[in-house]
Amino acid sequence: MKIALAADHGGYQMKNLIAQNLRNQGFEIEDLGTDSEESVDYPDFAQRVVQEILRQKAELGILVCGTGIGISIAANRHKGIRAALLYDDYVAQVAREHNNANILCFGGRTMKIEDVMRRIDIFLKAKYEGGRHDRRLCKLDLD
């Protein structure tokens, strides 16, 4: 599985830890920046991952900013994107089962790496349920 990964300065350290952990598990990681803790604008990095997902160059995206909130808002402004802020284990499971999220968001300043990695694992092991959820997801992309 190819995963597109990006962060702003608030998520830079967490992004690097996620990339290292996922590469160690055999995932192909496309690191789209940022490359330092110098202040940058999170919408620019959300856009990079969004484009990888929409162009089907990656199967999953992961975004990190200070809290995960801003970068998830930026990603969700795009039709076809379902970015989920995985703030606990249950949310990680239903983000896949009910929402079929295609971008996972985390807070580099508000979450621990062990929690983030566990939530990524929970998400990856879950399966989209379809059914009644299909009807709801279709309504997300209405103009």
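Up top is the structure.
*Asks:* Which residues make up the overall build of the protein chain, and what values do they have?
*Replies:* Helices and strands together make up the secondary structure of the protein chain, namely six helices and five strands. Counting from the amino terminus, helix and strand elements in the protein chain follow one another as β-α-β-α-β-α-β-α-β-α-α. By the compact-globule yardstick of 15 Å for 143 residues, the protein chain fits well, its C-alpha radius of gyration being 14 Å. Its C-alpha atoms give the protein chain principal-axis dimensions of about 45 × 30 × 25 Å. Residue burial in the protein chain is summarised as follows: out of 143 residues, 48% are buried. Partitioning the contacts of the protein chain with sequence separation of at least 6, the portion at a separation of at least 24 is 70%. If you sum the accessible surface of the protein chain, you get close to 7,500 Å²; carbon and sulfur atoms cover 45% of it.

*Asks:* Which residues make up the side chain of E52, and what values do they have?
*Replies:* By the secondary structure assignment, E52 is in helix 2 (residues 42–54). Comment: no salt bridge for buried E52; closest opposite-charge side chain is K2, at 4.5 Å. Excluding residues within four positions of it along the chain, E52 makes contact with K2, A4, E30, L32, K57 and A58.

*Asks:* Any chance you could break down a positive patch on the surface for me, citing the residues and the numbers?
*Replies:* A contiguous patch of positive charge on the surface is contributed by R132, R135, R136 and K139. Along the chain, the position of R132 falls in helix 6 (residues 132–140). The class for R132 is partly exposed, based on a relative accessible area of 44%.

*Asks:* For unusual backbone geometry, give the residues involved together with the corresponding values.
*Replies:* At the junction of G33 and T34, the peptide bond is cis and its omega measures out at -5° in the coordinates. Looking at where T34 falls in the secondary structure, it is placed in the loop between strand 2 (28–31) and helix 2. For Q56, which is not a glycine, the phi torsion comes out positive at approximately 55°. Phi is positive for N100, which is not a glycine, with a value near 45°.

*Asks:* Before we move on, could you go through the pairing of strand 5 (residues 103–107) and cite the residues and values that matter?
*Replies:* Burial analysis of strand 5 places five of its five residues in the buried class, the great majority of the element. In the sheet, strand 4 (residues 83–85) pairs with strand 5 via three bridges, with the strands oriented parallel. Residue pairing for strand 5: A84 is matched across the bridge by L104. Read from strand 4 through helix 4 (residues 89–97) to strand 5, the crossover connection turns out right-handed.

*Asks:* Any details on the packing of helix 1 (residues 12–24) against helix 5 (residues 113–125)? Residues and values, ideally.
*Replies:* Where helix 1 meets helix 5, the axes come as close as 11 Å, and the angle between the chain directions of the two elements is 50°. One way to sum up the angle between helix 1 and helix 5 is to call them oblique. You can see that helix 1 and helix 5 cross each other, and the crossing is right-handed. Across from M14, L17, I18, N21 and L22 in helix 1, the residues of helix 5 making contact are I113, V116, M117 and I120. Looking at the contact of helix 1 with helix 5 residue by residue, the class counts come to eight nonpolar, one polar and no charged.

What counts and how
Residues numbered from 1 in each chain as written. Predicted model: local features only at pLDDT ≥ 70, side-chain atom pairs only at ≥ 80, totals over all residues. Heavy atoms only, no water. Helix = DSSP H or I, 4+ residues; strand = E, 2+ residues; numbered from the N terminus. Rg over C-alpha atoms; globule rule 2.2 N^0.38 Å. Buried < 20%, exposed > 50% of the residue type's maximum accessible area, 1.4 Å probe, protein only. Contact = heavy atoms within 4.5 Å. Areas by Shrake-Rupley, 256 points an atom, 1.4 Å probe, with all protein chains shown as cover. Lys, Arg positive; Asp, Glu negative; His and termini not counted. Salt bridge = Lys/Arg side-chain N within 4 Å of Asp/Glu carboxyl O. Patch = residues over 30% accessible without salt bridge, like charges linked within 9 Å, V, L, I, M, F, W, Y side chains within 5 Å. Charge placed at Lys NZ, Arg CZ, Asp CG, Glu CD. Pairing = 2+ DSSP bridges. Right-handed = clockwise from strand over helix to strand, strands pointing away. Axes fitted to C-alpha atoms, helices over the stretch in contact; angles between N-to-C directions. Parallel < 35°, antiparallel > 145°, perpendicular 65-115°, else oblique. Left-handed = near helix turned anticlockwise from the far one by under 90°. Nonpolar A, V, L, I, M, F, W, Y, C, P; charged D, E, K, R; others polar.

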